[in-house]
Amino acid sequence: MSARVGILGMGMITPGGRNVDETWQSLLDVKDTTCSRLCPDGVARTVHTIGNNEDLFFNATHAADAAYFDLECQFGQEVGHDTLCVGSSSDTVALRESSTVTPYLGLLLADRMAAYYDIENKYQFGNACASSSYAIATAMDLIRTGQSIIALAGGADEVTYSSMAGFSAWRVYGNRCLPFAADRHGLVLADGAAFLVLAPEDVGVPIAYLTGVGLASDATNMAAMSAGTVERVMEDAIREAEPDDSNRIDAIITHGTGTQSNDSAESEAIVNVFGGEMPLVCSYKHVLGHPQGASGAIGVVLAVQALLTQTLFPTIAKDKLDPDLEVSFKVTTEVTKADLAHILVLSHGSWGVYSALVVESA
Amino acid sequence: MKLCASTIVHAHEVDSSLVDKHSTLVRKMAEEAVGLALAVVGFKDGIPLDYNGGIVGLTTYGERYPELWLKADRRIRPLQFGSAILNSVIGHCSIMFHLTGPQILLSRGDALIVVDLQFRMERSKLMLICTYGDESSVEVQVLMKDET
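Draft legend 1. Quick look at the overall build of chain A. Scanning chain A from terminus to terminus reveals ten helices and twelve strands. Buried positions account for 61% of the 362 residues belonging to chain A.

Draft legend 2. Expanded view of the overall build of chain B. From N to C terminus, chain B includes five helices and five strands. In sequence order, chain B lays out its α and β elements as β-α-β-α-α-α-β-α-β-β. Put simply, 68% of the contacts in chain B that link residues at least 6 apart link residues at least 24 apart.

Draft legend 3. Representation of the interface of chain A and chain B in the model. Counting from both sides, the interface comprises 39 residues of chain A and, opposite them, 42 residues of chain B. Looking at the side of chain A that touches chain B, the elements that each hand over two or more residues are α3 (93-97), α4 (109-117), β3 (121-125), α5 (131-144), α6 (161-169) and β6 (208-217) of chain A. The element that contributes the greatest number of residues to the side of chain A that touches chain B is α6(A), accounting for five residues. Residues that form the side of chain A that touches chain B fall into these classes: 20 nonpolar, 14 polar and five charged.

Draft legend 4. How the structure looks around the pairing of strand β4 (residues 151-157) of chain A. Residues and elements named next belong to chain A. Of all seven residues that make up β4, seven are buried, and the element is covered over most of its length. With five bridges joining them, strand β2 (residues 83-87) and β4 adopt parallel strand pairing. Note on β4: the bridge partner recorded for L84 is L152. Bridge count for β4 against strand β5 (residues 192-200) is seven bridges, and the pairing is antiparallel. Each residue of the ladder has a partner; that of D157, found in β5, is G192.

Draft legend 5. Examining the pairing of strand β5 (residues 137-144) of chain B more closely. All names here are of chain B. Note: strand β1 (residues 2-10) against β5, eight bridges, orientation antiparallel. Across the sheet, I8 pairs through a bridge with E139, a residue of β5. Pairing geometry for strand β4 (residues 126-131) and β5, over six bridges, is antiparallel. The residue bridging L128 from the neighbouring strand is V142, located in β5. The loop that links β4 with its antiparallel partner β5 comprises five residues.

Draft legend 6. The arrangement of the packing of α5(A) against helix α10 (residues 295-309) of chain A in detail. Running from amino to carboxyl end, α5(A) crosses α10(A) at an angle of 65°, the nearest separation of the two axes being 5 Å. Together, S132(A), S133(A) and I136(A) of α5(A) and S295(A), G296(A), A297(A) and V300(A) of α10(A) make up the contact between the two elements.

Draft legend 7. Representation of the nonpolar core. L196(A), L198(A) and C130(B) are the most contacted members of the largest nonpolar core, which totals 156 residues. The element that contributes the greatest number of residues to this core is α10(A), accounting for nine residues. Residues within four places of L198(A) in sequence aside, it is in contact with V5(A), G6(A), I7(A), A139(A), M140(A), I143(A), A151(A), A153(A) and L210(A).

Draft legend 8. Molecular detail of the packing of helix α1 (residues 25-40) of chain B against helix α4 (residues 88-96) of chain B. All names here are of chain B. Packing of α1 against α4 brings their axes to within 9 Å, and their N-to-C directions diverge by 45°. Here α1 lies oblique to α4, going by the angle between them. α1 and α4 meet at a crossing whose hand is right-handed. Between α1, through V26, R27, A30, E31 and V34, and α4, the contact on the second element is made entirely by V89, H92, C93 and M96.

Draft legend 9. Looking closely at the environment of E266(A). Residue and element names in this part refer to chain A. Mapped onto the elements, E266 comes out in helix α8 (residues 260-274). By the C-beta count within 10 Å, which is 28 here, E266 ends up buried. For E266 and A60, which are 206 residues apart along the polypeptide, the C-alpha to C-alpha distance reads 29 Å. When sequence neighbours within four positions are dropped, the list of residues in contact with E266 reads V230, T254, H255 and L346.

Draft legend 10. Structural view of unusual backbone geometry. All names here are of chain A. Positive phi, normally seen in glycine, also occurs at D118, with a value near 55°. Secondary-structure assignment places D118 in the loop between α4 and β3. D118 gets classed as exposed once you count the C-beta atoms within 10 Å, which come to 8. Positive phi, close to 50°, is recorded for Q292, a residue that is not glycine. Structurally, the position occupied by Q292 is in the loop between α9 (285-288) and α10. The buried category is assigned to Q292, around which 32 C-beta atoms lie within 10 Å.

Draft legend 11. How the structure looks around the environment of M144(B). Residues and elements named next belong to chain B. Mapped onto the secondary structure, M144 falls in strand β5. Taking the C-alpha atoms as reference points, M144 and M127, separated by 17 residues in sequence, lie 6.4 Å from one another. Those residues in contact with M144 that sit more than four places away from it in its chain are M1, K2, C4, K125 and L126.

Draft legend 12. How the structure looks around the environment of E120(A). Residues and elements named next belong to chain A. Its location among the elements puts E120 in the loop between α4 and β3. The exposure class of E120 is exposed, given the 10 C-beta atoms found within 10 Å. The sequence separation of E120 and D82 amounts to 38 residues, and the corresponding C-alpha distance is 6.4 Å.

About the cut-offs
Residues numbered from 1 in each chain as written. Chains lettered and ligands numbered in written order. Predicted model: local features only at pLDDT ≥ 70, side-chain atom pairs only at ≥ 80, totals over all residues. Helix = DSSP H or I, 4+ residues; strand = E, 2+ residues; numbered from the N terminus. Buried ≥ 20, exposed ≤ 12 C-beta atoms within 10 Å, placed from the backbone. Contact = placed C-beta atoms within 7 Å. Nonpolar A, V, L, I, M, F, W, Y, C, P; charged D, E, K, R; others polar. Pairing = 2+ DSSP bridges. Axes fitted to C-alpha atoms, helices over the stretch in contact; angles between N-to-C directions. Core = buried A, V, L, I, M, F, W, Y, C linked by C-beta atoms within 7 Å. Parallel < 35°, antiparallel > 145°, perpendicular 65-115°, else oblique. Left-handed = near helix turned anticlockwise from the far one by under 90°.

Don't take any of this as a statement about function, it's just geometry.
In structure tokens:
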């Protein structure tokens, strides 16, 4: 079963900006390949303090309100959603860091957002750094199977003390994020939230479409990335999007966290899937940091913006590229104007969670 | 879809000597419950590859997160960080039973609908639902795509 799902609205908040335009501009303007709002404590922040669960709700509703506003502008009146799909790996963690009560029995982000937007059907996903991709994929599936008409889908995450301690323990936490660079430093955690309003393709005037999903588990490893599974989700998503010669993938927004394991696996997988006809490759995490469970949703919003402007943002300076990565010559090194019709968005998480989504221009 | 097996494993049924600082009780219970459930449907030695078996975890219980961090004087050891992630239990089961299909951790929502979506989108022919709320018990259902 495959059908296009329309994107009717989108919103985001990141360390690069309070909305889509500001974030997009900070990606285009970046002069140095480091997080533009990297704080002295080594994290990329939106505006708040570490360890305050209220910030998560604020960021989520800030992004979702913007997506909602797009929808209302289009229809000229208030339009209700019937489904909420939200991904977050850090929800309640900040609360629990200051409490010894376990398990957590209070309200989750999905509960609070569902009450705020008066949505009955709610789903919350905790698939590590791929949480929001799984939320978007589920919203797409619900729409494609006729179980939802208008869905709010996305994700929000925040930096917590324990995630910083954990990634530091894994020795993948750097002071700068340099995806696909020879002198990569590792990942930099970030706050972030992004939401989309999704509907069947014949409802309203979509700004873009979601056409393919790939979801898989590696089933071999807790932390290291597997090129084979990245390959599998990319192929599944492309197959589901029913690509033909005119329906090629023009660009890939990679998970691109700036770790050796991530760069090697994604590079190998892209080479294996596309061979000599590789699409352009980019990552936004040098500017926005790694927003963990919100990564996929932020990637999709940036893919839509890229399709709307027919532009890709730079990932890294040319002289810093890792020559050992076969994909290097396709990594964007400057603001790139291109003929973009289909963009693949990758996001992956710990315990072998992998995902790919295909975004198509309207 | 059809329900093919359902098992529940309680804490007192798990060999406590298997539980150590790297392998929590809830993880061992889940492993045992999944093993028993798969044996019931005849897949004791593994799920056929073409089934692309997947797993849905239904919980808000973070295995050791962030309690580990608090107990260890705000430090997390590398091997413990794996337990600090919400999908660690189903991730562990996916490795133990080679579940290469979708691995989905639901904190809110209807797991049966999510499983049905995987079948309808032809991503898997066999899905497990693993439910737990604390360290007292883990319940597992095996669901298969009804192709009749």
